[in-house]
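Structural overview for review
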Amino acid sequence: MTSTPFGRVVTAMVTPMHADGSLDLDGTAKLASHLVDQGHDGLVVNGTTGESATTTDEENFATVKAVVDAVGDRVAVTAGVGTNDTEHSTRVARRMAELGADAVLIVTPYYNKPTQAGIVEHFRSVATATDLPAMAYDIPGRTATALATDTIRRLAEIDQVKAVKDAKGDLFEASRLMAETDLLWYSGDDVVNLAHLAQGAVGVVSVVGHVAGAQYAEMVAAVDRGDLVRAREIHTSLIPLVDAIMHVSQGAIQAKAAMHLLGVIDSDFCRLPLLPAPDEHRALLREALTKSGLM
């Protein structure tokens, strides 16, 4: 399977925490090693699923260092650096490069709802702060502002911007931009992983990958060799799991619960305003893991 600067089977890691809410850096290293052993060739650290909205810069730096130290010689480590403050993100990107990150993930600025021109300049400032390849994260459901088609075309002209993590769900627009640019396209929503891969995406940045890394690696390989029958079989087998992680409550909550159920992390503590999964959601998750043959 041909690699990329980010990997192709990538999971957006949860951030393990102790029951008192402090970082569990030993657990972070253990989780990263587990994910690599389960078929991943890339990890995103300090992204949305890593609860980046409630972690500090110093915590994020410590988390990236723990992952780089644990698996940096085995996979591409992409550090989330996106905020709605361009200067802040630029400063963070430089520090992540110093810590050994292989790439950065930059999300569309949220809450302040910049113009598309402002978005381009934000990405330009952050991406050019280092020599690292950058992935643009398009997730209007969280940021309130989508990357317009023309904006993505302009981002493709920035040397460091190499990829898009697409959580917008416009499959036709994605196919148009894949045809027009040399951007590496990633599914950023597990619901449409197969659809994106079938029309030319190079990989996935997954939440469900916490428990289905090997399956997604096989799906990517099946699409590469033109075996859509096998790729659909894998997709179908994972439907209960995608439902239980992505549709029951919130991906970060359910992914942590899954890792805890499987004994990979010691606690599924989430920082407020997120709460750990209630018992009824854990039961649904356990049932889905069992149906998928993972528990």
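Just above sits the structure.
The text that follows walks through the structure, step by step, so that each part is easy to find. (Residues numbered from 1 in each chain as written. Predicted model: local features only at pLDDT ≥ 70, side-chain atom pairs only at ≥ 80, totals over all residues. Heavy atoms only, no water.)

Further remarks concern the overall build of the protein. Of the regular secondary structure elements, the protein holds 13 helices and eight strands. Compactness check: the protein gives a C-alpha radius of gyration of 18 Å against a globular reference of 19 Å for 295 residues, within 12% of the reference. If you line up the protein on its principal axes, its C-alpha atoms span 45 × 45 × 35 Å. For the protein, the proportion of its 295 residues judged to be buried stands at 55%. For the protein, contacts bridging at least 24 residues in sequence account for 70% of all contacts bridging at least 6. Surface exposure of the protein reaches about 11800 Å², of which carbon and sulfur atoms provide 52%. Measuring between centres, the 24 positive side-chain charges of the protein sit 2 Å from its 38 negative side-chain charges. (Helix = DSSP H or I, 4+ residues; strand = E, 2+ residues; numbered from the N terminus. Rg over C-alpha atoms; globule rule 2.2 N^0.38 Å. Buried < 20%, exposed > 50% of the residue type's maximum accessible area, 1.4 Å probe, protein only. Contact = heavy atoms within 4.5 Å. Areas by Shrake-Rupley, 256 points an atom, 1.4 Å probe, with all protein chains shown as cover. Lys, Arg positive; Asp, Glu negative; His and termini not counted. Charge placed at Lys NZ, Arg CZ, Asp CG, Glu CD.)

Applying the stated rule across the entire model yields 17 salt bridges. Glu-51 is the salt-bridge partner of Lys-256, the closest N and O atoms lying 2.6 Å from each other. Here Lys-256, found in helix α12 (residues 251–261), pairs with Glu-51, found in the loop between β2 (42–45) and α2 (57–71); they are 205 residues apart in sequence, far enough to count as distant. With relative accessibility at 0%, the residue Lys-256 sits in the buried group. Among the ionic pairs, Glu-233 bridges to Arg-230, the shortest N-O distance being 3.0 Å. Note that Glu-233 and Arg-230 are positioned in helix α10 (residues 228–237) at a spacing of three residues, about one turn of the helix. Judged by relative accessible area, Glu-233 falls into the partly exposed class, the value being 43%. Taken together, the shared-partner salt bridges in this structure form one network comprising Asp-138, Lys-168 and Glu-173. (Salt bridge = Lys/Arg side-chain N within 4 Å of Asp/Glu carboxyl O.)

Counted by the stated rule, this structure contains one aromatic pair. Ring geometry for Phe-6 versus Tyr-186: centroids 6.1 Å apart, planes at 80°, classification edge-to-face. Separated by 180 residues along the polypeptide, Phe-6 in the segment before β1 (9–12) and Tyr-186 in strand β7 (residues 184–187) bring together distant segments of the chain. Phe-6 sits in the buried class, given a relative accessible area of 1%. Judged by its relative accessible area of 0%, Tyr-186 is buried. When the ring centre of Phe-61 is taken as reference, the NZ or CZ atom of Arg-95 above it lies at 6.0 Å. Just above the ring of Tyr-137 sits the side chain of Lys-165; from NZ or CZ to the centre is 3.9 Å. (Phe/Tyr/Trp six-rings, centres within 6.5 Å; stacked < 30°, edge-to-face > 60°. Lys NZ or Arg CZ within 6 Å of the ring centre and 35° of its normal.)

By the alternation rule, side chains of β2 split into Gly-42 and Val-44 and Leu-43 and Val-45, which are all buried. The pairing of β1 with β2 spans three bridges and is classified as parallel. The residue bridging Ala-12 from the neighbouring strand is Val-44, located in β2. For the handedness criterion, the β-α-β arrangement of β1, helix α1 (residues 25–37) and β2 is classed as right-handed. Relative to strand β3 (residues 76–80), β2 runs parallel, the two being bridged by four bridges. For Val-44, the partnering residue across the bridge sits in β3 and is Thr-78. This β-α-β element, β2 to α2 to β3, shows right-handed connectivity. (Pairing = 2+ DSSP bridges. Right-handed = clockwise from strand over helix to strand, strands pointing away.)

Outside of glycine, negative phi angles account for most residues, and trans bonds account for most peptide bonds. The linkage connecting Leu-272 with the following residue, Pro-273, adopts the cis geometry, with an omega of 15°. Structurally, Pro-273 can be placed in the loop between α12 and α13 (279–291). Even without glycine at this site, Asn-46 takes up a positive phi of about 65°. Looking at the element boundaries, Asn-46 is found in the loop between β2 and α2. Notably, Ala-144 is not glycine yet its phi reads approximately 75°, a positive angle. Examined against the element boundaries, Ala-144 turns out to sit in the loop between α5 (140–143) and α6 (149–155).

A few words on the sheet that holds β3. The strand order β1-β2-β3-β4-β5-β6-β7-β8 describes a closed barrel built from eight strands, whose pairing is parallel. The sheet shows a mean angle of 25° between the axes of neighbouring strands, taken without regard to direction. One ladder, built from four bridges, connects strand β6 (residues 161–166) with β7; its direction is parallel. In the strand pairing of β7, Lys-165 is matched with Tyr-186. Packed on one face of the sheet, helix α9 (residues 209–224) meets β1 and β8 (203–206) and runs near 160° to β1. (Axes fitted to C-alpha atoms, helices over the stretch in contact; angles between N-to-C directions.)

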